[in-house]
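Secondary and tertiary structure notes
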Amino acid sequence: MVIRPFGDSALLVEVAALADVLDLHARLAGTRPAGVVDLVPAARTVLVHVDPAVLPLATARAWITGTDAAPRVPADAAPAPDEVEVPVVYDGADLAETASLLGLSTEQLIARHLAARWTVAFTGFAPGFGYLVSDDWDLDVPRRATPRTRVPSGAVALAGRFSGAYPRDTPGGWQLIGTTDAPLFEPGAPEPVLLRPGTRVRFRRAVAATVARTSRPAAPAGPVAFRVTDPGALTTVQDAGRPGRLADGVARSGAADQPAFAAANRLVGNPVGAAVLEIALGGFRAVAERDLWIAATGAWAPIRVGGRDVDPYRPVQWPAGAELTIGIARAGIRVVLAVRGGIAASDALGSAATDTLAGIGAEPLRAGDEVATADAARHPVPPIDSWPWTPPPDVLVVDVAAGPRADWFTPAARQGFLDTRWIVDARADRVGIRLDGPPLERTADAAARELPSEGMLPGAVQVPPDGRPVILGPDGPVTGGYPVIAVVTAAGRAALAQARPGSHLLLRSASPRL
């Protein structure tokens, strides 16, 4: 067992084989101390994500080491895992071709798939997408040479030694052999994910399947606070997000600029975590239906209420009938708009946050939408005229801590990673930020290897084969197969939330091991 650093709030535990992952994950889950936020199993690793204020990383490392040294629990003494049955209609577009590639008839392949006793090893790629393994399955299925741009919800598929089922429409390169109508992922259900790590699965042949489409719940009814006339480029509902669900394939999401989010809510007397609007680039317009208190923080953009200029980082009255306009951001990229009482939005997995990658939470706002407020105001509007603030700078200095795969890169690449003045590429959003600059070179040994999928967190700096870093955002994938050279710290992620295409970025080491 090797314990590797993963930024300032996590450790990546690497073991020899998938069977060891399942064993380690079970032992960690069975002895989980306070302060552990997530345990994320993957192909050869378990990511241990903690709250360092409750469980310091040094203490977490000692716990992991002690757990590994403890006697193994005999299989017959362990609690029986959950078991589910998944009906499948074997009508997949790749069924005949996959059988031929494996030297089997179609019926032989189906029989092998039905006879195997499967276990969910880990989840990832999309919420509720389980990677299933079986000791009864020794077939190695090649992925498609060209991935599909759309795999339909409910598709049952094979790739490598894994089987899985797609919970929603998404791109994918697995071989499609069938269809299921099993409720793989239902955000509003008490148990939203059917195929969780450790669950035993048996496939059952079915005659026909009608796949139910998962739709987002409508916003709760209530007195309308304001009507949106122009949402700008992208306006989403955000709150504190969905911590603790990475093992189900669900990203944390939530407000990208956490300090701006907290300040906006404090300025209007809302509790910590009340839902706000996150407005990308600006261009937002709305009309109040009743008297409101608001505060705008984050990016620097011109703000007008009823034709009158108002300041950011200040509680402002928004009278009924008046128009609020938030112009194009001049510095930074995300304006946080808090309304006293909080934005009313339906709960999805404990949060109203819009996850732009997974399609969970409230829909992005559209022109004509009527927005209600929740009853979340707990404190008076602070009796202050302004809040100390400065516009986001043109050159962002972002702290990074050690990543688990820094040793995959040459010493020159690791130094260049810190010395380069990186430029934020146009492909920057809540999922991730791509950086332009000199490519980072892998060592000769690493260049010839592929990395099995492992757990990811916001701020992870992945380096694809082209050598140009990608920093994962709050809606980023929860597993990935590119090496992570470093991880942006919590303070660094707040600064990075205001990085816009063309911004210059300086990365500063916050770890002696980087």
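Computed from a predicted model, the values in this text were never measured in an experiment. (Residues numbered from 1 in each chain as written. Predicted model: local features only at pLDDT ≥ 70, side-chain atom pairs only at ≥ 80, totals over all residues. Heavy atoms only, no water.)

Remarks on the environment of Val470
Here Val470 is to be found in strand S30 (residues 470-472). Remark: the alpha-carbon pair of Val470 and Gly273, spanning 197 residues in sequence, is separated by 28 Å. (Helix = DSSP H or I, 4+ residues; strand = E, 2+ residues; numbered from the N terminus.)

Examining the sheet that holds strand S15 (residues 234-238)
Read from one edge of the open sheet, 5 strands run S15-S16-S23-S18-S21, paired in antiparallel fashion. Either end of the sheet is taken by a strand with one partner, and the two such strands are S15 and strand S21 (316-318). Taken over all neighbouring pairs, the strand axes of this sheet differ in orientation by 30° on average, direction set aside. Pairing of S15 with strand S16 (residues 276-280) involves 5 bridges; the strand directions are antiparallel. Among the inter-strand pairings, Thr236 is bridged to a residue of S16, identified as Glu278. The sheet strands contacting helix H5 (residues 258-267) are S15, S16, strand S18 (292-300) and strand S23 (331-339), and the helix crosses S18 at an angle near 160°. (Pairing = 2+ DSSP bridges. Axes fitted to C-alpha atoms, helices over the stretch in contact; angles between N-to-C directions. Contact = heavy atoms within 4.5 Å.)

Thoughts on the packing of aromatic side chains
For the structure on display, the rule yields 10 aromatic pairs. Ring plane angle 70° and centroid distance 5.6 Å describe the contact between Tyr131 and Trp174, whose orientation is recorded as edge-to-face. With a gap of 43 residues between them, Tyr131 in strand S7 (residues 126-133) and Trp174 in the loop between strand S11 (170-172) and strand S12 (175-179) connect regions that are remote in the sequence. An identical accessibility class is assigned to Tyr131 and Trp174; each is buried. Here Phe226 and Trp318 contribute two aromatic rings whose centre-to-centre distance is 5.3 Å and whose plane-to-plane angle is 40°, an arrangement assigned as tilted. Placement of Phe226 in strand S14 (residues 224-230) and of Trp318 in strand S21 is noted, with a sequence separation of 92 residues between them. Considered together, Phe226 and Trp318 belong to a single accessibility category, that of buried residues. Through a chain of ring-to-ring contacts, three or more aromatic side chains come together here, namely Phe122, Phe129, Tyr131, Phe162, Tyr166 and Trp174. Of note, Arg449 hangs over the ring of Trp408, and the distance from its end group to the ring centre comes to 4.3 Å. (Phe/Tyr/Trp six-rings, centres within 6.5 Å; stacked < 30°, edge-to-face > 60°. Buried < 20%, exposed > 50% of the residue type's maximum accessible area, 1.4 Å probe, protein only. Lys NZ or Arg CZ within 6 Å of the ring centre and 35° of its normal.)

Details of unusual backbone geometry
Both trends apply: most residues other than glycine have a negative phi, and most peptide bonds are in trans. You will see that Ser253, though not glycine, has its phi angle at about 55°, which is positive. Along the chain, the position of Ser253 falls in the loop between S15 and H5. Taking relative accessible area as the criterion, Ser253 reaches 4% and is therefore assigned buried. One non-glycine residue with positive phi stands out, namely Tyr313, at about 50°. Within the secondary structure, Tyr313 sits in the loop between strand S20 (308-310) and S21. The exposure class assigned to Tyr313 is buried, which follows from its relative accessible area of 11%.

Section: the sheet that holds S20
Strand order across the open sheet formed by 6 strands is S20-S19-S22-S17-S14-S24, with antiparallel pairing between neighbours. Each end of this open sheet is capped by a strand with a single partner; those strands are S20 and strand S24 (370-372). Taking the axes of each pair of neighbouring strands and ignoring which way they run, one obtains an average angle of 30° across the sheet. Here 3 bridges tie strand S19 (residues 303-305) to S20, and the two strands are oriented antiparallel to one another. Bridge pairing in S20 places Ile303 opposite Val310.

Some details on the pattern of salt bridges
Pairing between side chains of opposite charge can happen when their charged atoms approach one another. Scanning all chains against the criterion turns up 25 salt bridges. The partner of Glu14 in a salt bridge is Arg405, and the shortest N-O contact between them spans 3.4 Å. Of the two residues, Glu14 is situated in strand S2 (residues 10-14) and Arg405 in the loop between strand S25 (395-402) and helix H6 (411-419); the sequence distance between them amounts to 391 residues. Relative accessible area serves as the criterion here: at 3%, Arg405 is assigned to the buried category. Asp248 is the partner of Arg196 in a salt bridge, and the nearest nitrogen-oxygen pair spans 2.7 Å. Residue Arg196 is found in the loop between S12 and strand S13 (200-205), and its partner Asp248 is found in the loop between S15 and H5; the two are separated by 52 residues along the sequence. (Salt bridge = Lys/Arg side-chain N within 4 Å of Asp/Glu carboxyl O.)

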